Amino acid sequence: MTNPKPISQPSLARPAVSTSLSVSPTATFHSPPASSSFMASLAQRAAAKQLKPFNTEDIKILLLENVNQTGRDILSGQGYQVEFHKASLPEDQLIEKIRDVHVIGIRSKTKLTAKVLQEAKNLLVIGCFCIGTNQVDLEYAAKQGIAVFNSPFANSRSVAELVIAEIIALARQLGDRSNELHRGTWNKVSAKCWEVRGKTLGIVGYGHIGSQLSVLADAMGMNVIYYDVVSLMAIGTARQVPTLEALLGEADFVTLHVPETPETKNMLGAKQFEQMKNGSYLINASRGTVVDIPALIKAMRAGKVAGAALDVYPNEPAGNGDYFTTDLNPWAEELRGLNNIILTPHIGGSTEEAQRAIGIEVADALVRYINQGVTLGSVNLPEINMRQLTLDEPNHARIIYIHRNVPGVLRRVNEILGDHNVDKQISDSKGDIAYLMADVSDVRPEDIKEIRDSLDGLSSRILTRVLY
Ligand SMILES: NC(=O)c1ccc[n+]([C@@H]2O[C@H](COP(=O)([O-])OP(=O)(O)OC[C@H]3O[C@@H](n4cnc5c(N)ncnc54)[C@H](O)[C@@H]3O)[C@@H](O)[C@H]2O)c1
Ligand SMILES: O=C(O)CC[C@@H](O)C(=O)O
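Residues numbered from 1 in each chain as written. Chains lettered and ligands numbered in written order. Predicted model: local features only at pLDDT ≥ 70, side-chain atom pairs only at ≥ 80, totals over all residues. Heavy atoms only, no water.

### A few points about the overall build of the protein chain
Within the protein chain, the secondary structure is distributed over 16 helices and 16 strands. The proportion of buried residues among the 468 residues of the protein chain is 53%. Summarising the internal contacts of the protein chain: among those between residues at least 6 apart in sequence, 66% fall at separations of at least 24. As displayed, the protein chain has an accessible area near 20,700 Å², and 52% of this comes from carbon and sulfur atoms. (Helix = DSSP H or I, 4+ residues; strand = E, 2+ residues; numbered from the N terminus. Buried < 20%, exposed > 50% of the residue type's maximum accessible area, 1.4 Å probe, protein only. Contact = heavy atoms within 4.5 Å. Areas by Shrake-Rupley, 256 points an atom, 1.4 Å probe, with all protein chains shown as cover.)

Given below as structure tokens:
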């Protein structure tokens, strides 16, 4: 059973932000970071009337892991209190900080486990300023009525471009040649250095990143094959293969673009390295758990795998520094000692374009959720959208009721709302959790209190919010 949120949790006021969704990462490629939605939000804010009982400056936001300035500006521009940290926080400090905040913004390093989230008594929403959401216990968050948002594809192109660079760098042993020359050694070789034209790229996971990569590799004259658990339309001349084994037996380069799930843990282990072609290459820019690294080390020492590029690791440090040691991962020294291996510190999505786009997209989603209750793009709650209330509707209130998805709730909710004029109402469920949003007109403050108290009294309640 969930812990109900304290009734004292602030009801959030009239929106003051644009509702535009960022639909394309290229939008920010062509636009400066001060996005149109950000400017629009500032303009609207000037005109907006702050309605009682809630002021946006009461909202406390904790941003970790160097969330981009674009996102910070949007959130501060709303008047929220924003606390910013460059790195992630150790669990004890995270627990201490999270107790107090309504919103937390993270990237891939901060683990929001049930243990941490159960301390977050005021938390309304989590923003993952990245693609992956495996670092958050999504189910537990939903059961607490905490919405989670991410940016599903704003860094996909950046990752795909990095992988293209790595395919060529591995084929030409660029890392080794460069390191040698940095040490003063001239070593001009062509043995086992290849063009990529005509070679086969095997993409595991043909989603946003895998399919972008497919287009780029196709354009370089590579044959593209892919394996995915779902049947997906091939782009260009790419071809889906039925099994991972089939892909491994045919690909010269294998690149992983699957999410971290129990099924993808050690997806590439000793058996799979055996199934790869002799002298083939492996690239992992997905999650560190997907590759069994000791097995990779063996396969590379045996010459089975001719080169590898790793961007992600089972354990990654909270911030920058000299942390890539055996204290972090026991095999770190062995990995560093291998030839033709490119090791990067989880930078697949780390470009100016991607980080700006993510900052805007996730911050906009947070503001929409805080100010309007809109869950479009949420990864753990049903997606509900309703048009913004305007200043022409001064006595309207927006009721948000997050509840357990059990029989009879709508009847009880409508008994409570039934004495009022319900202009609009939407409800949807996702698994055990349901989200109801209703706009009610001609309500007085005492009505609002009564509605809220009555909804709070229902046994199905997870969280009630009233925005007015
Ligand atoms: N290195 C980085 O900086 C970086 C940046 C962005 C994303 N990522 C990682 O890359 C992953 C993929 O990103 P995406 O945007 O392409 O995700 P996506 O959800 O668009 O695509 C993932 C694909 O993997 C498939 N899949 C899932 N489980 C599978 C399995 N067991 N076997 C085969 N296919 C499976 C899915 O069907 C889907 O098509 C993310 O989950 C994230 O962890 C890393
Ligand atoms: O920026 C990050 O920390 C994560 C990048 C990437 O792994 C993602 O999931 O988007």
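Past the structure itself, the notes keep going.
### Quick word on the pairing of strand β1 (residues 60–63)
A regular strand places its side chains on the two faces of the sheet in alternate fashion. With four bridges connecting them, β1 and strand β2 (residues 81–84) associate as parallel partners. Its bridge partner lying in β2, Lys 60 is registered against Gln 81. Handedness of the crossover is the feature at issue here: the chain leaves β1, passes through helix α3 (residues 69–77), returns alongside β2, and the resulting connection is right-handed. Examined bridge by bridge, β1 and strand β3 (residues 103–106) share three bridges and lie parallel to one another. Note that in β3 the partner of Leu 63 across the bridge is Gly 105. (Pairing = 2+ DSSP bridges. Right-handed = clockwise from strand over helix to strand, strands pointing away.)

### Some points on the packing of aromatic side chains
Throughout the structure, instances matching the rule amount to four aromatic pairs. Taking the centre distance of 5.7 Å and the plane angle of 55 degrees together, the rings of Phe 149 and Tyr 369 count as tilted. One end of the pair, Phe 149, is in strand β5 (residues 147–149); the other, Tyr 369, is in helix α14 (residues 352–372), and 220 residues separate them in sequence. Here Phe 149 falls in the buried class, since its relative accessible area comes to 1%. A centroid spacing of 4.7 Å and a plane angle of 10 degrees characterise the contact between Phe 253 and Tyr 281, whose relative ring orientation is stacked. A residue pair is termed long-range when its members are at least 10 positions apart, and Phe 253 in strand β9 (residues 253–256) and Tyr 281 in strand β10 (residues 280–284) qualify at 28 residues. Each member of the pair, Phe 253 as well as Tyr 281, is classed as buried. When the ring centre of Phe 84 is taken as reference, the NZ or CZ atom of Arg 72 above it lies at 3.8 Å. (Phe/Tyr/Trp six-rings, centres within 6.5 Å; stacked < 30°, edge-to-face > 60°. Lys NZ or Arg CZ within 6 Å of the ring centre and 35° of its normal.)

### Regarding the site of ligand 2
Residues in contact with ligand 2, as listed here, are Arg 107, Ser 108, Cys 130, Ile 131, Gly 132, Asn 155, Arg 287 and His 346. Side-chain polar atom of Asn 155 to an oxygen atom of ligand 2: 2.9 Å apart, as the coordinates give it. In the model, an oxygen atom of ligand 2 is placed 2.6 Å from a nitrogen or oxygen of the His 346 side chain. Calculation on ligand 2 without its partners gives an accessible area of 300 Å², and the protein chains cover 92% of this total. Split by residue class, the shell around ligand 2 holds two nonpolar, four polar and two charged. (Near = heavy atom within 4 Å. Polar contact = N/O pair within 3.5 Å; in protein donor to acceptor, adjacent residues only side chain to side chain. Nonpolar A, V, L, I, M, F, W, Y, C, P; charged D, E, K, R; others polar.)

### Thoughts on a nonpolar patch on the surface
Taken together, Val 229, Val 230 and Leu 232 make up a surface patch of nonpolar side chains, about 270 Å² in accessible area. Relative to the helices and strands, Val 230 is located in the loop between β7 (223–227) and β8 (239–240). By relative accessible area, which is 44% here, Val 230 ends up partly exposed. (Patch = residues over 30% accessible without salt bridge, like charges linked within 9 Å, V, L, I, M, F, W, Y side chains within 5 Å. Salt bridge = Lys/Arg side-chain N within 4 Å of Asp/Glu carboxyl O.)

### Focus on the nonpolar core
Within soluble globular proteins, side chains that are nonpolar generally end up buried alongside one another. Of all hydrophobic cores here, the largest spans 37 residues; its most connected members are Leu 75, Val 125, Leu 366, Tyr 369, Leu 381, Ile 402 and Tyr 435. For this core, the elements supplying multiple residues, two or more each, are β1, α3, β5, α14, β13 (397–404), β15 (433–441) and β16 (461–467). No other element matches α14, which puts 10 residues into this core. With residues up to four places along the chain from it excluded, the contact list for Leu 75 reads Ile 61, Leu 63, Tyr 80, Val 82, Ala 363, Leu 366 and Val 367. Listed in part, the 32 residues of the second largest apolar core include Ala 295, Ala 299, Met 300 and Leu 338. (Core = buried A, V, L, I, M, F, W, Y, C linked by side-chain atoms within 4.5 Å.)

### Some thoughts on the site of ligand 1
In the neighbourhood of ligand 1, 25 residues make up the surrounding shell, with His 208, Ile 209, Asp 228, Ala 285 and Asp 311 lying closest. Within the backbone of His 208, one N or O atom sits 2.8 Å away from an oxygen atom of ligand 1. Coverage of ligand 1 by the protein chains reaches 85% of its 860 Å² of free accessible surface. The class makeup of the residues in the shell around ligand 1 is 12 nonpolar, 10 polar and three charged.

### So, the sheet that holds strand β11 (residues 305–310)
The seven strands lie next to each other as β8-β7-β6-β9-β10-β11-β12, forming an open sheet whose pairing is parallel. Lying at the two open borders of the sheet, with one neighbouring strand each, are β8 and β12 (341–343). With four bridges joining them, β9 and β10 adopt parallel strand pairing. If you follow Val 254 over to β10, its bridge partner there is Leu 282. With respect to the sheet, helix α9 (residues 208–219) is in contact with β6 (200–204), β7 and β9, its orientation differing from that of β6 by roughly 170 degrees. Across the sheet, helix α12 (residues 293–301) is in contact with β10, β11 and β12; its angle to β11 comes to roughly 145 degrees. (Axes fitted to C-alpha atoms, helices over the stretch in contact; angles between N-to-C directions.)

### Some details on the confidence of the model for the protein chain
Overall, the predicted model of the protein chain reaches an average pLDDT of 89, with 88% of residues at or above 70. Confidence drops under a pLDDT of 50 for residues 1–53, and excluding neighbours within four residues, the segment shows 118 contacts in the predicted structure. Per the prediction output, this complex has pTM 0.89; the corresponding ipTM is 0.99. (pLDDT = per-residue confidence, 0-100.)

### Observations concerning helix α15 (residues 409–417)
Of all the residues in α15, the buried ones are Val 409, Val 413, Ile 416 and Leu 417. The buried residues of α15 occupy an angular sector of 95 degrees when the element is viewed end-on, so they sit on one face. Across α15 from its buried face, at more than 90 degrees, point the exposed residues Arg 411 and Glu 415. If you follow the buried residues of α15, they end up packed against β13, β14 (421–430), β15 and α16 (445–456). (Arc of directions from axis to C-beta.)

### Side note on the UniProt feature "domain: ACT" (unreviewed entry) in the protein chain
Per the UniProt record, "domain: ACT" (unreviewed entry) is found at residues 398–468. Between the end C-alpha atoms of residues 398–468 there is a gap of 6 Å, over a span that is 30% helix and 46% strand. (UniProt positions renumbered as here; feature names shortened; annotations may be inferred.)

### Focus on the pattern of salt bridges
Counting across every chain of the model gives 23 salt bridges. One salt bridge in this structure joins Glu 250 and Arg 239, with 2.5 Å as the shortest N-O distance. Placement of Glu 250 in helix α10 (residues 244–250) and of Arg 239 in strand β8 is noted, with a sequence separation of 11 residues between them. Taking the relative accessible area as the measure of exposure, Glu 250 reaches 30% and is therefore partly exposed. The partner of Asp 456 in a salt bridge is Arg 461, with the nearest N and O atoms 2.5 Å apart. According to the relative accessible area criterion, Arg 461 is buried, its value standing at 6%. Residues joined by salt bridges that share partners form a network here, namely Glu 96, Arg 99 and Glu 119.

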